[in-house]
Amino acid sequence: GLQMNVETMLAALEWFCARRSCHRPITGPHRLVVNGVGNITVRPFQDPAAVVERFSAQASEMGYGITADAMLQMLSYFCERRSCHRRLTGPWTLQLDVANVTVRPFEEPAYVIERFSSAATAAGLQMNVETMLAALEWFCARRSCHRPITGPHRLVVNGVGNITVRPFQDPAAVVERFSAQASEMGYGITADAMLQMLSYFCERRSCHRRLTGPWTLQLDVANVTVRPFEEPAYVIERFSSAATAAGLQMNVE
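Calculation rules
Residues numbered from 1 in each chain as written. Predicted model: local features only at pLDDT ≥ 70, side-chain atom pairs only at ≥ 80, totals over all residues. Heavy atoms only, no water. Helix = DSSP H or I, 4+ residues; strand = E, 2+ residues; numbered from the N terminus. Rg over C-alpha atoms; globule rule 2.2 N^0.38 Å. Buried < 20%, exposed > 50% of the residue type's maximum accessible area, 1.4 Å probe, protein only. Contact = heavy atoms within 4.5 Å. Areas by Shrake-Rupley, 256 points an atom, 1.4 Å probe, with all protein chains shown as cover. Lys, Arg positive; Asp, Glu negative; His and termini not counted. Charge placed at Lys NZ, Arg CZ, Asp CG, Glu CD. Disulfide = S-S within 2.5 Å. Axes fitted to C-alpha atoms, helices over the stretch in contact; angles between N-to-C directions. Left-handed = near helix turned anticlockwise from the far one by under 90°. Nonpolar A, V, L, I, M, F, W, Y, C, P; charged D, E, K, R; others polar. Pairing = 2+ DSSP bridges. Salt bridge = Lys/Arg side-chain N within 4 Å of Asp/Glu carboxyl O.

Counting its regular elements, the protein contains 8 helices and 8 strands. Expected size for 253 residues packed as a compact globule is a radius of gyration near 18 Å; at 26 Å, the protein overshoots this value by more than 25%. C-alpha atoms of the protein, sized along the principal axes, occupy 100 × 35 × 35 Å. Buried positions account for 36% of the 253 residues belonging to the protein. Sequence separation of at least 24 residues holds for 52% of the intrachain contacts in the protein that already meet a minimum separation of 6. Carbon and sulfur atoms provide 53% of the accessible area of the protein, an area that totals close to 15400 Å². Computed over 24 positive and 23 negative side-chain charges, the separation of the two mean positions in the protein equals 11 Å.

Attention shifts here to the environment of R154. By the element assignment, R154 lies in strand 5 (residues 153–157). Put simply, R154 and R166 are 12 residues apart on the chain and 8.7 Å apart in space, counted from C-alpha to C-alpha.

It is worth spelling out the state of the cysteines at this point. The final tally for this structure, using the stated rule, is 4 disulfides. Between C79 and C84 runs a disulfide, and the two sulfur atoms are separated by 2.0 Å. Across the S-S bond linking C79 and C84, the dihedral sits near -110°, which makes this disulfide left-handed. C84 gets classed as partly exposed once you look at its relative accessible area, which sits at 28%.

This part is about the packing of helix 2 (residues 48–61) against helix 3 (residues 68–79). It is the contact of helix 2 with helix 3, at a shortest axis distance of 10 Å, that shows an interaxial angle of 145°. Note that helix 2 runs across helix 3; the crossing there is right-handed. Together, P48, A49, V52, E53, F55 and S56 of helix 2 and M71, M74, L75 and F78 of helix 3 make up the contact between the two elements. When the residues that make up the contact of helix 2 with helix 3 are grouped by side-chain class, the tally is 8 nonpolar, 1 polar and 1 charged.

Here we come to the pairing of strand 7 (residues 215–218). Pairing analysis gives 4 bridges linking strand 7 to strand 8 (residues 223–226), with the strands arranged antiparallel. When the sheet's bridge partners are listed, Q218 is paired in strand 8 with N223. The antiparallel hairpin formed by strand 7 and strand 8 contains 4 residues in its connecting segment.

Counting across every chain of the model gives 11 salt bridges. What emerges from the salt-bridge pattern is a single network uniting D47, E53 and R86.

What follows is the structure, given as C-alpha cells:
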C-alpha cells in the first residue's frame, strides 16, 4: 500500500549506478491489448501478476469470459519484457459452516463472497456482514484483493418508501420483494420502475441475476400471469376469488 513512482525508482537506480556497474535500465511501462476486453498496463513499480489478477477480476465481474490460461498468457507477455516476482495465485477454497467458497485466479474475492452470500440468503441460510468480512480477510491474506465488500445501499423511491440492499442480499430479489409489497398496497409499480431501481443498485455493487417474469401458468379454467412487480400469492388469491365468484370450482390444492 506504499506509494511508489518512476522518479523514485530512477533516483535509486542512479545512486547505485554511481557506486557500482549497472547493466540495464528500469523497464516499462508495458501495455497489452486483450482483444475484445480492453488494455492492460504494467508500470515499472507494479507487479505483473498483481496487475493481471486485478484486470482479470474486473473483466470477470463485468461478464467477460476470462480463464486461467488467458491469465497465464498475459503474465507471460509481461515477464518476457520485464522482471516478474511471483506467480498467479489460486484457486483458494474456504470452508464455511454452510458450504465451501472457492475463488479462482480470475475472480475478485469480494465479488465471489457477495455472490455466494446472496445465493445463501436466497436459499434461506443465515448470512451476515461479519461472516463476509472474515471470509474476505481469509482470501486477502492469500492472494490479491482489489475492492472491499460493498453496501448496504439505500434508495428512496419517491411517494412509495425506501429500499435497502444489504451486502448479503441479491439486489434483484430485494427489488422484487419491495415492488410486490408496494403493488399489493396499491402503489403503481411498473417493470420499468423496477429496472431503474435495479440499475441504481447494480451501478454501486455486484448484481447476480436479472429480474424475473412475467410468468404464466395454464390452469384448466384459465391462465394466471404474475408480472415482475406482483406477489404470486396475491395474484393467485385475486384470481381464485374472481373465479369462485364466477361460479368456477377452486380449491387450496
